[in-house]
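Topology and contacts: notes
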Amino acid sequence: MKIRTDFVTNSSSSSFGIIHIKSKALGEFLEKYRNADIPWTTDFIIDNDMIHIEDMDDIFVPKNPTRVEEVLFALLDMLAGVNLEDVESPEFPEHYDYSEEQVKMLLEANKRVKELTDSIKTVDWHTGIAEWGMDEEEEAESGSDAIFRYDREKKISEYEMF
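Attention here is on the structure that accompanies the text. It should be emphasised that the depicted structure is a prediction, and the values quoted were computed from it without experimental measurement.

Some thoughts on the environment of H52
Locating H52 in the fold gives a position in strand β3 (residues 50–55). What makes H52 partly exposed here is its relative accessible area of 21%. Once the C-alpha coordinates of H52 and H20 are considered, the two residues, 32 residues apart in sequence, prove to be 4.7 Å apart. Setting aside its immediate chain neighbours within four residues, H52 contacts I19, H20, F44, I45 and D47. Reaching out from H52, the side chain makes a polar contact with the side chain of H20 at a distance of 2.7 Å.

Shown next as structure tokens:
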């Protein structure tokens, strides 16, 4: 049997999320539920009217927004593992595996979707998968990064995947 003792390359990956959102109302909403019985998937920092998420350690991002109207839905799904669209189901909340606090948060968010969305001034949402062991061509073809930028004042809304 041969045992290899020299350097062995291995392809591996890690997902990341770097998200900055300027919204006083959304920051206050998240802060209200920070210490609730909600299984937050990652930490977030609220600094004045800015929300910062910088997770480089295998964060799961189920949705990436492609327009500002999707930011609240994607943010709650990523941070709290909840789907805001579930509120519209006639089986909500009885047939869903949400804590009482998650249900409370979803119901409030659902009532305030327009207000919270309209309060968003800027978004810089960058998520992806960092790959190791791939050559440049393979990495370019993987299409694993998504960026959404929004600035209400400058009238910028752009989404790209690469």
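Moving on from the coordinates now.
A look at unusual backbone geometry
Of note, the amide linkage connecting F92 to P93 takes the cis form, showing an omega dihedral of 0°. As for its placement among the helices and strands, P93 is situated in the loop between α2 (71–80) and α3 (100–111). Backbone geometry at N48 places phi at a positive 60°, although glycine is not the residue there. On the secondary structure map, N48 appears in the loop between β2 (45–47) and β3. N48 gets classed as exposed once you look at its relative accessible area, which sits at 72%. Positive phi, normally seen in glycine, also occurs at K155, with a value near 55°. Its place among the elements puts K155 in the loop between β5 (146–151) and β6 (156–161).

Rules of the game
Residues numbered from 1 in each chain as written. Predicted model: local features only at pLDDT ≥ 70, side-chain atom pairs only at ≥ 80, totals over all residues. Heavy atoms only, no water. Helix = DSSP H or I, 4+ residues; strand = E, 2+ residues; numbered from the N terminus. Buried < 20%, exposed > 50% of the residue type's maximum accessible area, 1.4 Å probe, protein only. Contact = heavy atoms within 4.5 Å. Polar contact = N/O pair within 3.5 Å; in protein donor to acceptor, adjacent residues only side chain to side chain.

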